[in-house]
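In case you want the letters, here they are:
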Amino acid sequence: MPLVAHNHLPSFQRLRDSGITVLTREQAELDDGRELHIGLLNMMPDAALSATEQQFMRLMSASSVSAKIFVYPFSIQELDRGVAAKDHIHRHYFEFSSLMEKGLHALIITGANVINPVLNQEPIWKPLITIADWAKKNVASTLCSCLASHALVKHHYQIDRQPLPIKRWGVYEHSVRHPDHPLMNNVSATFHAPHSRWNTVTRAQLEQAGLTVLAESKKVGVHLAVSADQFRIVYTQGHPEYDANSLLKEYKREVFRFLSGELENAPPYPENYLPDEAKEIADAYIVKATEEIKNPALFFSYSTQDNFGAGFTRRNTYLKPADLSFSIDSSLIGTSFKIIYSSTKPDMVMEEGMFISSLSDEHLEKIHKGLKSFAIVWLLTVSYTHLTQQTKA
């Protein structure tokens, strides 16, 4: 099914660039075929906001149903967003009130990152349930991903999700339990799908409430279930929309959380996902970064005067704690200090205090020969910050 770029959402062009058929509004108007208008309630964190748009739209475009697809992304203002994400939503997303007036054929609700273990105490609970209740009465079907599934089974059936001892993430084998169900048409008896969650809802909980489990994994439990009417609400505990690198991005974020002290232990690898070579690279990086945090270096930039003339050259280097007369901490970022560098070998640098303390009185009288003190320092950062920035780039 072709997508229709009916506004200036950047994801439309990115999908077009990747080979997906995306019609302009003018092209769509020349086609008298059917239309599907689908809402996308995107609650994913800022880093995954645009990627989630593209993932779901890519799946829609792969459908064999003959219709033009109009996708309407919208979000919930109670979510904690950064400036860039807020601007993206303001420019390219729709207001739920306007979508209620316009009407939708179907709705997709993404997962979200939440802190409170009790879902109905989260700030997003009330607006999410308002949207879900409207959808139950006004759209043909609602697809819920991960946390959205947990929220809606709690709302509709009072099912509480159960916390897991460790994060359940990776790619797992699943079996189809009801191959005769329309949603399982042309799906292999066994298939693999990604999961990423800290909580679970069991088959017993869902079946006791009258839901039908369509696919599950022996290791991670239910993947796909439907409401008692078999279609109006589709629940998935996994992430069928994920790209091949989505779990890798999540793993990197978890590693950075560990290195920043937010997590007590280094995260486990996503299961059945990373090859051995990638695990070795990750291990080496974590060891190096951990060591740098324990023994930080001070990265900075400075300017040297070229051959005692008018020109200046900017150079980057670092000094370790043993090379400094003061301690390294994050308060140094954005400050300056004096250094000594060689006029003949400008990359030879010492912090002025350490340099002077290492010289005898006789040497101090001679330091004017071949050495210069220069105090302009443009950037200071501890090595972990530098390492993180380089890795993200």
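The shown structure was predicted, so the numbers you read here are calculated from the model rather than taken from an experiment.

(A) Spotlight on a negative patch on the surface. A cluster of acidic residues, Asp276, Glu277, Glu280 and Asp283, forms a negative patch on the protein surface. Counting through the fold element by element, Asp283 comes out in helix α10 (residues 276-294). Among the residues examined, Asp283 registers a relative accessible area of 37% and is labelled partly exposed.

(B) Here's a closer look at the confidence of the model for the protein chain. When pLDDT is averaged along the protein chain, the result is 85; 85% of the residues meet or exceed 70. Ranking the elements of the protein chain by mean pLDDT puts helix α13 (residues 383-392) last with 38 and strand β5 (residues 106-109) first with 98. Segment residues 368-393: pLDDT under 50, and 74 contacts once partners within four positions in sequence are set aside and those in other chains are kept.

(C) Geometry of the packing of aromatic side chains. Using the criterion set out here, one finds 6 aromatic pairs in the structure. Here Tyr72 and Phe94 contribute two aromatic rings whose centre-to-centre distance is 5.1 Å and whose plane-to-plane angle is 70°, an arrangement assigned as edge-to-face. Of the two residues, Tyr72 sits in strand β4 (residues 68-74) while Phe94 sits in the loop between α4 (83-92) and α5 (96-102), which places them 22 residues apart along the sequence. On the accessibility criterion, Tyr72 (4% relative accessible area) is buried. Look at Phe94 and you get partly exposed, because its relative accessible area is 24%. In this structure an aromatic cluster arises from ring pairing among Phe74, Phe96 and Trp134.

(D) Quick peek at the packing of helix α3 (residues 49-61) against α4. Contact geometry of α3 with α4 gives a least axis separation of 10 Å together with a crossing angle of 40°. Considered as vectors, α3 and α4 are oriented oblique to each other. Contact with α3, carried on its side by Leu49, Ser50 and Glu53, involves Ala85, His88 and Ile89 of α4 and no other residues of that element. Considering only residue class, the contact of α3 with α4 consists of 3 nonpolar, 2 polar and 1 charged.

(E) Seen up close, the packing of helix α6 (residues 125-138) against helix α7 (residues 147-157). At a minimum axis distance of 11 Å, the contact between α6 and α7 shows a crossing angle of 70°. Looking at the two axes, α6 sits roughly perpendicular to α7. The residues of α7 that touch α6, namely those facing Trp125, Leu128, Ile129, Ala132, Asp133 and Lys136, are Ala151, Leu152, Lys154, His155 and His156. For the contact of α6 with α7, a count of residues per class yields 6 nonpolar, 2 polar and 3 charged.

(F) Just helix α1 (residues 10-17), in detail. All of the buried residues along α1 are Ser11, Phe12 and Leu15. All buried residues of α1 project into a common sector of 105° when viewed along the axis, lining one side. Elements in contact with the buried residues of α1: β1 (3-5), β2 (22-24), α3 and β4. Of the residues trailing α1, Gly19 is marked for its positive phi of about 105°.

(G) Broad picture of the layout of surface pockets. By volume, the largest pocket is sized at about 1,500 Å³. Looking at the largest pocket, it is lined by 37 residues, and the ones nearest its centre are Leu59, Met60, Ser63, Leu143 and Leu183. If you list the elements that add at least two residues to the lining of the largest pocket, you get β3 (35-41), α3, β5, β6 (141-145), β10 (221-226) and β11 (233-236). Of the residues forming the lining of the largest pocket, the biggest block, 5 residues, is contributed by α3. Looking at the lining of the largest pocket residue by residue, the class counts come to 24 nonpolar, 10 polar and 3 charged. Considering only enclosed or pocket space, the second largest pocket measures out at about 1,200 Å³ in volume. Looking at the second largest pocket, it is lined by 37 residues, and the ones nearest its centre are Pro45, Ala112, Asn113, Val114 and Ile115. Those elements that place two or more of their residues in the lining of the second largest pocket are α7, β8 (190-200) and α9 (246-259). Here the residues of the lining of the second largest pocket sort into 16 nonpolar, 8 polar and 13 charged.

(H) Quick peek at the pairing of β3. Among the 7 residues in β3, 5 count as buried, and that is most of the element. Here β3 runs beside β4; their pairing, made up of 7 bridges, is parallel. Within β4, the position partnered with His37 by the bridge is Phe70. A crossover links β3 with its parallel partner β4, the connecting element being α3, and its sense is right-handed. In this sheet, β5 lies alongside β3 in parallel orientation, the contact comprising 4 bridges. Note on β5: the bridge partner recorded for Leu40 is Ile108.

(I) Representation of the pattern of salt bridges. Taken as a whole, this structure holds 13 salt bridges when the rule is applied. Here Asp87 and Arg91 are joined by a salt bridge, their closest N and O atoms 2.9 Å apart. With a gap of 4 residues between them, Asp87 and Arg91 both fall in helix α4, about one helical turn apart. A residue is classified by how much of its surface remains accessible, and Arg91, at 60% relative accessible area, is exposed. The salt bridge partner of Arg257 is Glu254, with a shortest N-O separation of 2.9 Å. With a gap of 3 residues between them, Arg257 and Glu254 both fall in helix α9, about one helical turn apart. The exposure class of Arg257 is partly exposed, given its relative accessible area of 28%. The exposure class of Glu254 is buried, given its relative accessible area of 9%. Among the charged side chains, a network of salt bridges with common partners joins Arg177, Arg203, Glu207 and Glu216.

Rules used throughout
- Residues numbered from 1 in each chain as written.
- Predicted model: local features only at pLDDT ≥ 70, side-chain atom pairs only at ≥ 80, totals over all residues.
- Heavy atoms only, no water.
- Patch = residues over 30% accessible without salt bridge, like charges linked within 9 Å, V, L, I, M, F, W, Y side chains within 5 Å.
- Areas by Shrake-Rupley, 256 points an atom, 1.4 Å probe, with all protein chains shown as cover.
- Salt bridge = Lys/Arg side-chain N within 4 Å of Asp/Glu carboxyl O.
- Lys, Arg positive; Asp, Glu negative; His and termini not counted.
- Charge placed at Lys NZ, Arg CZ, Asp CG, Glu CD.
- Helix = DSSP H or I, 4+ residues; strand = E, 2+ residues; numbered from the N terminus.
- Buried < 20%, exposed > 50% of the residue type's maximum accessible area, 1.4 Å probe, protein only.
- pLDDT = per-residue confidence, 0-100.
- Contact = heavy atoms within 4.5 Å.
- Phe/Tyr/Trp six-rings, centres within 6.5 Å; stacked < 30°, edge-to-face > 60°.
- Axes fitted to C-alpha atoms, helices over the stretch in contact; angles between N-to-C directions.
- Parallel < 35°, antiparallel > 145°, perpendicular 65-115°, else oblique.
- Nonpolar A, V, L, I, M, F, W, Y, C, P; charged D, E, K, R; others polar.
- Arc of directions from axis to C-beta.
- 1 Å grid on protein atoms, 1.4 Å probe; cavity = no way out; pocket = protein on both sides within 12 Å on 5 of 7 lines; lining within 4 Å.
- Points joined across faces, edges and corners; volume = space filled by probe spheres on them.
- Pairing = 2+ DSSP bridges.
- Right-handed = clockwise from strand over helix to strand, strands pointing away.

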